[in-house]
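Letter by letter, the chains look like this.
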Amino acid sequence: TTLPLPYLAIELTSLVLNALFTLANMALAIKVEINKVFSDDTQFVLEINYVLGFCIFLATLLAHISYHFLLNPRLESRYVATEVDIKTLENDKLMKLWGDQINAAYGTKYIGAWDGHGALSLMKAMKKAMTGGPDSPIPFTRGVVLRIDTKCEKSEMDMKKKQKSGQEDDAKLEPDKMEEGEGGSLAAVIFITVSERFDLASYVTGCCGSVLSSMFGASSCIPILTLRWGVVGFQWPFHGGIFLTRKSDKPIDDMSQVQRALVHWNRVSKNPCNVLMAPCYITQLDSYSFECSHFLNLEVGPSVIVDLRRYHGMEYKTFQRVALKKGNRRNHIGYFEKKGGTYTVSRQFQDFDAKHHEVHASLCGQTAQQRVGRGEARLICPVTPGIVKSLQDNHMKEFRRVFGIRVNGEAAGAAMLFEFPKSSLMTSDMQGLQHEIARPAHAYFAMLALTVELCLKERIDFLDFGPTTLDPKLDVGGRLIPTRTGYYTHSVVLRSFIKGGLDRFRQLNQEVEDRLKNEKKTEPTWAWAQPYVEIDFQHLTPALKKLYNVQPMLIPFPNPDAEDGKNSAKNNKNNKSKRNKKNKQKSPGKGGNPGKKTKKQLNKERAKQRRKNKKAAEKAANALADAKEALQKNPEDEKLQMAHEKALKTWEAANALVKADQEHSSNPSQRASRAPSATPSVSVGAQKIDELNRKKGIARASSGDRKIGSDKGYISEGNKLLSVPGSSHTPVPSSPAEQQNLVASIEDRKSLPIDHSLGGTQPVPARSSICIDISTASTGDRSQQQRLVPTKKKEQAEPSDQAQTDAVQAQDEDDAQI
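About the thresholds
- Residues numbered from 1 in each chain as written.
- Predicted model: local features only at pLDDT ≥ 70, side-chain atom pairs only at ≥ 80, totals over all residues.
- Heavy atoms only, no water.
- Buried < 20%, exposed > 50% of the residue type's maximum accessible area, 1.4 Å probe, protein only.
- Helix = DSSP H or I, 4+ residues; strand = E, 2+ residues; numbered from the N terminus.
- Pairing = 2+ DSSP bridges.
- Patch = residues over 30% accessible without salt bridge, like charges linked within 9 Å, V, L, I, M, F, W, Y side chains within 5 Å.
- Areas by Shrake-Rupley, 256 points an atom, 1.4 Å probe, with all protein chains shown as cover.
- Salt bridge = Lys/Arg side-chain N within 4 Å of Asp/Glu carboxyl O.
- Lys, Arg positive; Asp, Glu negative; His and termini not counted.
- Charge placed at Lys NZ, Arg CZ, Asp CG, Glu CD.
- Contact = heavy atoms within 4.5 Å.
- Polar contact = N/O pair within 3.5 Å; in protein donor to acceptor, adjacent residues only side chain to side chain.
- Phe/Tyr/Trp six-rings, centres within 6.5 Å; stacked < 30°, edge-to-face > 60°.
- Lys NZ or Arg CZ within 6 Å of the ring centre and 35° of its normal.
- Axes fitted to C-alpha atoms, helices over the stretch in contact; angles between N-to-C directions.
- Parallel < 35°, antiparallel > 145°, perpendicular 65-115°, else oblique.
- Left-handed = near helix turned anticlockwise from the far one by under 90°.
- Nonpolar A, V, L, I, M, F, W, Y, C, P; charged D, E, K, R; others polar.

Asker: How do you make sense of the pairing of strand β9 (residues 296–307) when you look at a structure like this?
Answerer: On a regular strand, one side chain projects to one face of the sheet and the next to the other, so that they alternate. Buried residues dominate β9, accounting for 11 of its 12 residues. Sheet topology note: the β9/strand β15 (residues 479–488) ladder contains 8 bridges and is antiparallel. When the sheet's bridge partners are listed, V300 is paired in β15 with T483. Of the strand pairs in this sheet, β9 and strand β14 (residues 462–466) are connected by 4 bridges, and their pairing is antiparallel. Across the sheet, the residue bridging to V306 is L463, located in β14.

Set out below in C-alpha cells:
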C-alpha cells in the first residue's frame, strides 16, 4: 500500500515541528531552572509541557516506524541468493546446463518466454558492458547475476561466516562447486541492472532542474539527489530478469519465495538498492506473486507484440489484407524505397556501417532526447558505444542482428534485433532515428513494416516492439499486452512518489487503449483483436481464464492466396462470377445495355472534375502571385524568371479549363449535346417500327433534314421531293408551285399518330399520315422530339381491322381539307 503524498507531507511536517517545539520547551525549562526567574508553579508547568511534547513526539515517531515496519517485514524464504561472477558465465558447459533447465521448466511458448541460452548469453554481454563506476562502458551502471538455490545448513553457515569476516564477496560460490551442486539445487537465475546514480534532478524541468542537476545530480561532486535504482531485468531489451529453472506444484508460491530471496540479498548487500523494480507481462508468474513478497504491484503502460502464429505462410501484402483494417494498409515500404531508402539486416554489424557502434549510439541518443522533450521519463540505462560493442563481441551471433536504414546513402536509423529461436521470438529494441532525414521518407514506419515482413518470411511467432510509441506499432499489426511492475523500497515517501509517477505515465497510453476498446467495427482476423489462448500463460488459473476470456486453443487463419487449397480456387471462381454479375447489374445504360454510365453518374463526375479544375486554378493563381512577388524583389534572377513563366503557363491552362466549364454549364443546348444520354439512338422500339413500316411501304429518314410524308408517298430533302420506291401514290408534281405547296403541307405535319394500345410503339397503317421529324433530335430539343419507348414484348401484333378503318377515314378527311 501507499499513502498519499499530502498526508505524508503533513505527517512529516508535524513530526519535525513537534520535535522542535519539544526542544524549545526543554531549553526554556532548563533556563528557568538555572536563573530562577519564574515561580515554582510556572517552572513546574514548563517541565510538564516539555515532557508532554516529548511523549507526543515519541508516539508519532513510533507510529511512523511501525508503519514502515508493516510495509517492509522481514519475510523468510526457503531460497538463498548468491552472486555470480563473470568467470562462471564464461563456463560454456554450465551455461548449457542452465539454459536447458530454463527451457524445460515452464516451456518457451508462452507470451514473454525467452530462450534460456539466449538469455544467459545476453547476461554475459551486459555484465561485461556494465562494470560499475565512472570508467564503465555505461558509466555508473552495474550488471549483477544471481543464482537462487535451496537453503541448506552448510550454505547458510558459510554465508554467515563470510558476512562476519567482512569479506567483500560475501555471497559468492566457486564455479566448480556450483557445477557440482554444492549449495543446494538451482531454482532460478536472476539478472539485475543497477543504476548507481539514478538522477532525480532530471525530472525537474526548466532552469531549476538544470541547476539542481549540475549541483547535486549524477555528474556532480555532491550527488545527493541520486538513488541506487535496481531493475530486476534488462533495459535493452526491456524485459523481466527472473528465469525459473524447475517447475513446481505451486508456481505462484515458488516465484514469491524467489522474490523474497532477492529482497533478502538486497537487504544484506554492501551497497543495497534504494528501489527494486521488476517488470513483467500479465502472462508471467511474476505479476501474481508481488503481493506475497511485499512488492508494490502496479499496472504500467502496455507493451506491443505482433502475434504472427495465426498468419504463418502469408506474404506481407496478404497479412495486411487479412490482419489490418483498411486504413492501415499503406505501402510504407514502397514509399520509403521511392524516396531513396535502403535497409540492411545482418549479423555482421559492419555491413551497415564501419563504425556501427558509434553511429548506432548517436542515433539512439537523438531519439532519447526527443522523448524527454515530449515529457517521457529518462532511460535508466542509456545506449552508449560501449554497450553496442559489447553486444557485437560477446553476444552470440545466432541471438542478434543489426537492422539499419539509409536515405540517399546517409544513415537515418538503426535498431537491434534480439532473437530467441527456441521461443520463436524476435525483439526489436535500441531503436534510433535521425528524424530530419527519416521523417520525410517515412523511415520509422518502413522499419516496423520491414521487421514484420522479415518475421513472416522466417515463420517467427512473436515480434516484441516494446512499450513506447504505441500507435505506429499497432498500425502494422501489433496487439497490446498489459504489463505490471513490482516495486520494493523501504521508504514510504518513495512508494508514494513512484505510485504518482506511474499514474501519470499510465495516462499517456490510456487514450490508445480506450480507442481500441471503443472500436465499433472489429473483424475476427484483425491482429490487435486476437484473444488469448491457454498456451499464452506461464501458469493459467481459473480466475485468469475467466478474467481474460482465454480460448482453449489456437486456430490459424487460412491463407487466401494459397495455391494448394482445394476450396481456394473454387471460392475465388465463385466470387469472381458474383462480382461480374454484380457489375453487369450495376449502372445499366440506356436501352438496357449494361456497363454504360447513367446521366446521373456522368453529371457527378463532371461536377467533381469542375471542382478539381477550380482548386487547381486557385492553386495556380497563388503560385503565380508568389512567383511575381519574388520576381519583383529580384528581377534579374533567371531562375525566378523561369519560375514566373512556368507559373503563368500553368495558371493560363487552369483558367482555360475553368472558363470551359463555366461556358458548358451556362449553355443548356451544348450541355445536352455533350451528354451521351441526351443524344438519341435508334432504340429497340424504333427498329421494330421501321420493320413494320417497311412492310407497309413506309420509308424512314436517316438524316436530320429528311422528312417522310407517307400519305402522299413523298420524301422531302430540303426543297426537293422524292417519290417513295414501291409506293402506289401519286407521282411527284412537275409544277414548282405544286411542289412548294406539297412541301409546306408536309412541313406543317410533324406529329406521329401512335396507337398506345400496344405499349406506345404500334405504327399506323400505310394510308395514314406519318411525319417523323429527326432534325430536332440532333440539336437536343426534347420538346420537338417524339420519344419511342421500347416494348417488353418480343412480338408485336398486327393492327386490328377497326383501327385501320378509323385511320383511313381520318386520312381521307385530312386529304379533303388539303
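Asker: Help me out: how do you make sense of a positive patch on the surface in this one?
Answerer: On the surface, K600, K604, K608, R610, R611, K612 and K615 cluster together to form a positively charged patch. Structurally, R611 can be placed in helix α20 (residues 599–633).

Asker: Just to check I follow, could you spell out the environment of D351 for this structure?
Answerer: Within the secondary structure, D351 sits in the loop between β10 (341–346) and α12 (356–373). Residue classification places D351 among the partly exposed positions, given a relative accessible area of 48%. C-alpha separation for the pair D351 and G404, spaced 53 residues apart in sequence, amounts to 9.1 Å. In this structure, D351 is in contact with T344 and S346, ignoring residues within four places of it in sequence. Among the polar contacts listed, one links the side chain of D351 to the side chain of S346, at a separation of 2.6 Å.

Asker: Explain the pairing of β15 to me, please; I cannot follow it from the model alone.
Answerer: For β15, the tally of buried residues reaches 8 of 10 residues, placing the bulk of the element in the interior. Examined bridge by bridge, strand β8 (residues 275–281) and β15 share 6 bridges and lie antiparallel to one another. Paired with A278 across the two strands is G486, which belongs to β15.

Asker: Help me understand the packing of aromatic side chains in this model?
Answerer: The geometry of an aromatic ring pair is captured by the separation of the ring centres together with the interplanar angle, meaning the angle of the planes. The final tally for this structure, using the stated rule, is 16 aromatic pairs. Three or more aromatic residues link up through ring pairs in this structure, and these residues are W114, F191, F234, F243 and F420. One residue, R406, lies across the ring of F352, its end atom 5.0 Å from the ring centre.

Asker: I tried to follow the packing of helix α5 (residues 116–129) against helix α13 (residues 385–394) on my own but got confused; where do I start?
Answerer: Helix-helix packing: each pair is described by the crossing angle between the helix axes and the interaxial distance. Contact geometry of α5 with α13 gives a least axis separation of 9 Å together with a crossing angle of 140°. Between α5 and α13, the interaxial angle falls into the category oblique. Both α5 and α13 take part in a crossing whose hand is right-handed. Seen from α5, the contacting residues are S121, L122, K124, A125, M126, K128 and A129; seen from α13, they are I387, S390, L391 and N394. Considered class by class, the residues forming the contact of α5 with α13 number 6 nonpolar, 3 polar and 2 charged.

Asker: Would you mind going over the pattern of salt bridges with me for this structure?
Answerer: Where charged atoms from two side chains of opposite charge come close, those side chains can pair. In this structure the tally under the stated criterion is 18 salt bridges. Of the charged contacts in the structure, one is a salt bridge between R310 and D307, with a shortest N-O distance of 3.4 Å. As far as the burial class goes, R310 and D307 line up, both buried. Between R401 and E458 there is a salt bridge, with the nearest N and O atoms lying 3.0 Å from each other. Residue R401 is found in strand β11 (residues 400–407), and its partner E458 is found in the loop between α15 (443–457) and β14; the two are separated by 57 residues along the sequence. Among the residues examined, R401 registers a relative accessible area of 9% and is labelled buried.

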